[in-house]
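# Residue-level structural notes
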Amino acid sequence: MVEIELDGKAVEVPQGSMVMHAANKLGTYVPHFCYHKKLSIAANCRMCLVEVEKAPKPLPACATPVTQGMKVFTHSAKAVEAQRSVMEFLLINHPLDCPICDQGGECQLQDLAVGYGKSNSRYDEEKRVVFHKNVGPLISMQEMTRCIHCTRCVRFGQEVAGVMELGMVNRGEHSEITTFVGQTVDSELSGNMIDLCPVGALTSKPFRYAARTWELGRKRSVSPHDSLGANTTVQTKANKVMRVVALENEAINECWISDRDRFSYEGLNSSDRVTTPMVKQGGQWLETDWQSALDYVAHSLKTISAESGPEAIGALAHPISSTEELHLLQKMVRGLGSKQVETRLRQSDVAASASAPWLGMPIAKINELDRLLVVGSFLRKDQPVLAARIRTASKRGLQVTRIDAGGDDWLIPSNGIAAAPSIWLNALSEVAQAVAKAKSVSAPAGTANLAVSPAAQKIADSLISGESVAVLLGSAAIAHQHASDLHVLTQFIAEQTGATLGFLPVGGNSVGASLVNANGAGVESVLSGERRAVILMNIEPDADLPNPTAARAALAKANTVIALSAYKSADLLEVADVILPISTFSETVSTFVNLEGRAQTVQPSVKPLGDSRPAWKVIRVLGGLLGLDGFLFNLPEEVLGEALPENYCTRLSNKTSATSIANGNAAPLNGLERLADVNIYAGDQIVRRSSALQLTRDAKRGNQAGLNQKTFSELGLKEGDAVRVTQGSQTVDMPATLEVNLAPGAVRISAGTMASAKLGSMFGPVTVSKA
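Residues numbered from 1 in each chain as written. Predicted model: local features only at pLDDT ≥ 70, side-chain atom pairs only at ≥ 80, totals over all residues. Heavy atoms only, no water.

Helix and strand content of the protein chain: 24 helices and 34 strands. Against the compact-globule benchmark of 28 Å for 771 residues, the protein chain has a radius of gyration of 28 Å, which places it among compact chains. Dimensions of the protein chain along its principal axes, counting C-alpha atoms only, are 90 × 65 × 55 Å. Split into buried and exposed, the 771 residues of the protein chain put 61% on the buried side. Put simply, 73% of the contacts in the protein chain that link residues at least 6 apart link residues at least 24 apart. (Helix = DSSP H or I, 4+ residues; strand = E, 2+ residues; numbered from the N terminus. Rg over C-alpha atoms; globule rule 2.2 N^0.38 Å. Buried < 20%, exposed > 50% of the residue type's maximum accessible area, 1.4 Å probe, protein only. Contact = heavy atoms within 4.5 Å.)

In this section: helix α11 (residues 424-439). With 16 residues, α11 extends 22 Å from end C-alpha to end C-alpha; this agrees with the ideal 22 Å at 1.5 Å per step. With 13 of 16 residues buried, α11 lies mostly within the body of the structure. Looking at the residues trailing α11, positive phi occurs at Ser 440, about 60°. (Expected span 1.5 Å × (residues − 1).)

As a further point, take the pattern of salt bridges. Applying the stated rule across the entire model yields 37 salt bridges. The shortest N-O distance in the salt bridge between Glu 215 and Lys 237 comes to 3.2 Å. Linking Glu 215 in the loop between β10 (203-204) and β11 (217-222) with Lys 237 in strand β12 (residues 231-237), this pair joins segments that are 22 residues apart in sequence. Where Lys 381 meets Asp 698, a salt bridge forms, and the shortest distance between an N and an O atom there is 2.9 Å. (Salt bridge = Lys/Arg side-chain N within 4 Å of Asp/Glu carboxyl O.)

Let us now look at the packing of α11 against helix α14 (residues 483-497). Interhelical geometry of α11 versus α14 gives an angle of 25° and a closest axis separation of 10 Å. The angle between the axes of α11 and α14 places the two elements in the roughly parallel class. For α11 against α14, the interelement crossing comes out left-handed. Across from Trp 424, Leu 425, Leu 428, Ser 429, Val 431, Ala 432, Val 435, Ala 436 and Lys 439 in α11, the residues of α14 making contact are Asp 485, Leu 486, Leu 489, Thr 490, Phe 492, Ile 493, Gln 496 and Thr 497. (Axes fitted to C-alpha atoms, helices over the stretch in contact; angles between N-to-C directions. Parallel < 35°, antiparallel > 145°, perpendicular 65-115°, else oblique. Left-handed = near helix turned anticlockwise from the far one by under 90°.)

Time to look at the environment of Asn 519. Within the element layout of this structure, Asn 519 appears in the loop between α15 (510-515) and α16 (523-526). It is 60 Å that separates the C-alpha atoms of Asn 519 and His 174, two residues lying 345 residues apart in sequence. Each residue touching Asn 519, except ones within four places of it in the same chain, is listed here: Arg 334, Val 341, Glu 342, Thr 343, Arg 344, Ala 513 and Ser 514. There is a polar contact of 2.5 Å between the side chain of Asn 519 and the side chain of Thr 343. (Polar contact = N/O pair within 3.5 Å; in protein donor to acceptor, adjacent residues only side chain to side chain.)

Under the local residue numbering, the UniProt record ascribes the feature "domain: 4Fe-4S Mo/W bis-MGD-type" (unreviewed entry) to residues 216-272. For residues 216-272, the end-to-end C-alpha separation is 25 Å, with 9% helix and 35% strand making up the annotated structure. (UniProt positions renumbered as here; feature names shortened; annotations may be inferred.)

Quick look at the layout of surface pockets now. Considered as a void within the structure, the largest pocket measures approximately 790 Å³ in volume. Considering the residues around the largest pocket, the lining is formed by 29 residues, among which Ile 194, Asp 195, Leu 196, Cys 197 and Ala 246 are closest to the centre. Taken together, the residues that form the lining of the largest pocket break down as 13 nonpolar, 7 polar and 9 charged. If you add up the space inside the second largest pocket, you get close to 590 Å³. Lining of the second largest pocket is provided by 25 residues; of these, Arg 380, Lys 381, Arg 697, Asp 698 and Arg 701 occupy positions nearest its centre. (1 Å grid on protein atoms, 1.4 Å probe; cavity = no way out; pocket = protein on both sides within 12 Å on 5 of 7 lines; lining within 4 Å. Points joined across faces, edges and corners; volume = space filled by probe spheres on them. Nonpolar A, V, L, I, M, F, W, Y, C, P; charged D, E, K, R; others polar.)

Tracing the backbone shows Asn 654 in the loop between α21 (636-643) and β28 (673-675). Looking at Asn 654, the relative accessible area reads 8%, which means it is buried. A polar atom in the side chain of Asn 654 sits 2.7 Å from the backbone nitrogen of Trp 358. Ignoring any residue separated from it by four or fewer positions in sequence, one finds Asn 654 in contact with Ala 354, Ala 356, Pro 357, Trp 358, Leu 359, Gly 360, His 487, Gln 491, Leu 501, Gly 502 and Phe 503.

Before going further, it helps to examine the pairing of strand β2 (residues 9-13). In the sheet, strand β1 (residues 2-6) pairs with β2 via 5 bridges, with the strands oriented antiparallel. When the sheet's bridge partners are listed, Leu 6 is paired in β2 with Lys 9. Counting the residues between successive antiparallel strands, the hairpin from β1 to β2 contains 2 residues, one of them, Asp 7, with a positive phi of roughly 55°. (Pairing = 2+ DSSP bridges.)

If you walk through the whole model with that rule in mind, you get 8 cavities of 30 Å³ or more. Considering only enclosed or pocket space, the largest cavity measures out at about 760 Å³ in volume. Ser 475, Ile 478, Pro 505, Val 506 and Gly 507 are the residues nearest the centre of the largest cavity, which is lined by 50 residues in total. Residue contributions to the lining of the largest cavity peak at 5 residues, all from helix α13 (residues 475-479). Considered class by class, the residues forming the lining of the largest cavity number 23 nonpolar, 17 polar and 10 charged. Space inside the second largest cavity adds up to approximately 130 Å³. In this structure, the second largest cavity is lined by 15 residues; those nearest its centre are Ile 320, Asn 538, Ser 583, Thr 584 and Phe 585. Counting residues per element, the ones that place at least two in the lining of the second largest cavity are β26 (590-593) and α22 (685-688). Split by residue class, the lining of the second largest cavity holds 7 nonpolar, 7 polar and 1 charged.

Structure below.
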């Protein structure tokens, strides 16, 4: 530790710290633009000049290392004069257009100009002009003349997002921030550049000219689109969500959010919103009142239960649903005598699943890991903010290994095995055997006796050599047809290497769903065709179910399909018999349990739209109409108290009940096989309706077939050529795209898209030909 004196106050900071760090520790504000605590030091704005005793001239606080006994003056006459001079230089070329600037009212330059600027300028020459640039549907660079070259956006791309999408060209006053020639900004974290920009150079394109910052109300919230539970601030005007920005929480999302978290709010105001109960009669949809709709639903459930038995009733819910909603849904279904309730919509193998799978450790502990194995994950797109944390940890020495099908560039240095999905079990078996040999134990019973490849041996050696180790199962491993076997092997590897076993769950409240017992027989059981009544909550069959074609057929056999949904879509209108309009997470009290088991409750940001109602209230009334006990709740807090008692964390468990491998001798598939990710902008009803997100490159990628170089060459394809994909009896034509790192034999076809709705399950053999 080094002790210095700052403005007459003594402060201790670690050796190697800068004067800015000492000032922050004391709570002393030093004006700055380019400095940011999460980015490297650039020292190019010079706004943070301070006086240091015995130094011949003012020094930048952000780039001046502390030394023992140093005396610093941040507000002396010399320091303030230097800061005022820098501000004068910055304003020489900055346009005086604050009244029409989208950043007006929340602009760092505007604030500091009040304190350090002059009332008039000594500069009479013409100001420079920088032409606008189109960098995609999310970020507006229409007013780059405002840029002060702090380079925060450039450093963010390189250091946090992992890809340099912006850079500076030219020199002196001709310098400007731009993209590479003809390129757009496509990182899944790009919106954070808007928050970082201290002026109005980078602004939100969807929010452009929509409202002034002082007109907006603000509410703390949580993003439900992935299981991280990123903290956000929802900004509203006239009972409408206008913007979502990051809310700092170092333990969860630091100060970042993904573009999915930031821009999905557009879907909340979609024209597809259902605002009145609807019932289908004679093939026609009719609007009705709540009492009639609820009576209809209650009568249907009672009749079917009496005639066909309780097990004829099933329910499926999307894990974007809140804990309160899921608790009451499962309570109602189980109260009727059925166990057919499920939220693990894409998990087909549930035979030996963990009771409540979670990350297995606090999110912040990832920073302390030195070894990490990730199995079957589209990490960068499934968990963008978590991937950024792992990326930062890798710069501190974390060794990342992976077993998946490749094709998905994590922008993180990593080694591992890239193989088609049917080979994952064998690849993981080889790692388990290498670990077993090193530890002089036997591999799990049923494990195939395979020759250990150098790549598998390297993974095993990496895990064994680590002191703080984790093994994580991703979304593709969870959805894999042999998910239970993958679980057994990873559990064995974790136990033998002293690693933490964790899951990267799919959906904002998947952990909460497990904790409240909203999982039971599995999605295939509910959609077996034996259910006479099926309740769908926050689900669109074509986009949210693992085999849309089979799901439609199963739902067609049901006498009644009841949809609790905030939206209507063509597939839902086709399969449902009644739609009860429910509120989105932004319109009701909602609790989400993130992947580290942290329950976060958010208050409504706006009032429910139209005649929609919170789902927990709808189910509460249905429970009463069905004559079930335990539905007399007046407040969501009462529901939550019953759903999650104080000791709920003791229910978290990643342990599988299985100890042997059931499919160890299963032969890998010959030919091509499907690899299905859930497209980053197709995961739930809200995101799918964000018009800006659907214009991004990632969204377009979801409707393309990803092929490796070998398949691309064999078919004689060029980028964008149409191919015909056949899976079983289903065929669809779609454009092809080259994915150089995709494993041999794998064809990436995303789930949750219009194209995938015409195909079968997420894994299995496919054929591809030139259309």
